[in-house]
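Overview (structure and organization)
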Amino acid sequence: MDWKTKLLTMVETRETVLTLNEEEINDLAKKGISERTAATGLSYEIKGLDIRLNGNDMTADAIVKWGALRAEAAVVYHLSFAEGKLLLKPQSVDVRGSSLSPSLLKLKTIEIDPGQYLPEVIQITDLSFENRELKIKFAVNWLQLPGLLR
């Protein structure tokens, strides 16, 4: 079941928790990274990406192309949720067995506002990271929801 179907099921059952597995998170991350790269005009291109979750840590294995150079890297991010934003703070970078500082590569904390994709009647109240899943808890104004469906 894809994440859109899960969201529709959530609305039908009035369950206010949505769980995304690693595959669904990978799909969303790939889309988000390609949009972000295009929007910021970065000089490198991500050719491949695989994300693994382990509690509040996320490892992004990436194949990156920068001009004629191509490299494989594993970046570990610490995940947290604060003030309505998903925060991804780079912890370490490994390129071919060599550890590099995230600051050396100018990696900064990534802030994502997942609420920007939702109508006002739905708000994210919490994100939790459990095993290899992301659980999203919502608050829904059920009285205003029918107005959205017209």
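Details of the structure are given in the entry above.
Predicted, not measured: the structure shown is a model, and the values here were computed from it.

1. Focus: the overall build of the protein
- For the protein, the count of helices and strands is 3 helices and 9 strands.
- Each helix and strand of the protein, placed in order from N terminus to C terminus, yields the pattern α-β-α-β-β-β-β-β-β-β-β-α.
- In the protein, buried positions account for 27% of the 150 residues.
- Expressed as a percentage of contacts within the protein between residues at least 6 apart in sequence, the contacts between residues at least 24 apart total 34%.
- Put simply, the protein shows about 10200 Å² of open surface, and 52% of that area lies on carbon and sulfur atoms.

2. Brief notes about the sheet that holds strand 8 (residues 122-130)
- On the basis of which strands lie adjacent, the open sheet formed by 3 strands has the order 1-9-8 and antiparallel pairing. Taken across any chain shown, the strands that pair with only one partner, and hence form the sheet edges, are strand 1 (17-21) and strand 8. Each adjacent strand pair in this sheet contributes to an overall mean axis angle of 20°, direction not counted.

3. A word on the nonpolar core
- In terms of nonpolar packing, the biggest core is built from 28 residues, with Leu127, Ile136 and Phe138 touching the most fellow members.
- Of all the secondary-structure elements, those providing two or more residues to this core are strand 1, helix 2 (22-40), strand 2 (45-54), strand 3 (57-66), strand 4 (69-82), strand 5 (85-95), strand 8 and strand 9 (133-140).
- Among residues more than four places away in sequence, those in contact with Ile136 are Thr16, Val17, Leu18, Leu20, Ile124, Asp126 and Leu127.

4. With respect to a nonpolar patch on the surface
- There is a patch of nonpolar side chains on the surface, built from Tyr44, Trp66 and Leu69 and spanning about 360 Å² of accessible area.
- Tracing the chain through its elements places Leu69 in strand 4.

5. So, the environment of Ser101
- The topology assignment puts Ser101 in the loop between strand 6 (98-100) and strand 7 (110-112).
- In sequence terms Ser101 and Gln91 are 10 residues apart; their C-alpha atoms lie 8.1 Å from each other.
- At 2.7 Å, the side chain of Ser101 and the side chain of Ser103 are in polar contact.

6. Topic: the environment of Glu23
- As for its position among the elements, Glu23 is in helix 2.
- Between the C-alpha atom of Glu23 and that of Arg52, which follows or precedes it by 29 residues, the distance is 9.0 Å.

7. Looking at the side chain of Glu24
- Examined against the element boundaries, Glu24 turns out to sit in helix 2.
- Given a relative accessible area of 6%, Glu24 falls into the buried group.
- Here Asn21 takes part through its backbone nitrogen, which lies 2.8 Å from a polar atom of the side chain of Glu24.

Calculation rules
Each chain has its residues counted from 1, running along the sequence as written. A pLDDT threshold of at least 70 governs which residues receive local features in this predicted model, and a stricter bar of 80 or more applies before side-chain atom pairs are shown or counted, although totals over entire chains, interfaces and linings include all residues. With hydrogens and water excluded, all non-hydrogen atoms of the structure serve as input to the side-chain values. Helix and strand definitions here come from DSSP, where helices need a minimum of 4 consecutive H or I residues and strands a minimum of 2 consecutive E residues; each element is numbered from the N-terminal end. Exposed residues in this analysis have more than 50% of their type's maximum accessible area, buried residues have under 20%, and partly exposed residues fall in between, with area computed by a 1.4 Å probe over protein chains only. It only takes one pair of heavy atoms within 4.5 Å for two residues to be counted as in contact. Each accessible area is a Shrake-Rupley estimate made with a 1.4 Å probe; only the visible protein chains count as cover when residues are assessed. One bridge is not enough; two strands pair if DSSP finds at least two bridges between them. In this description, a line fitted to the C-alpha atoms serves as the axis of each element, helices being fitted only across the stretch in contact, and the angle between N-to-C directions of two axes falls anywhere from 0 to 180 degrees. We define the nonpolar core as a collection of buried residues of types Ala, Val, Leu, Ile, Met, Phe, Trp, Tyr and Cys that are connected through side-chain atoms lying within 4.5 Å of one another. In this scheme, patches are assembled from residues that exceed 30% relative accessible area and form no salt bridge. Like charges are connected within 9 Å, while nonpolar side chains (Val, Leu, Ile, Met, Phe, Trp, Tyr) are connected within 5 Å. For this document, the term salt bridge refers to a Lys or Arg side-chain nitrogen within 4 Å of an Asp or Glu carboxyl oxygen. Contacts described as polar in this section are N or O atom pairs within 3.5 Å, which, within protein, must combine one atom able to donate a hydrogen with one able to accept it, while residues neighboring in sequence count only if both atoms come from side chains.

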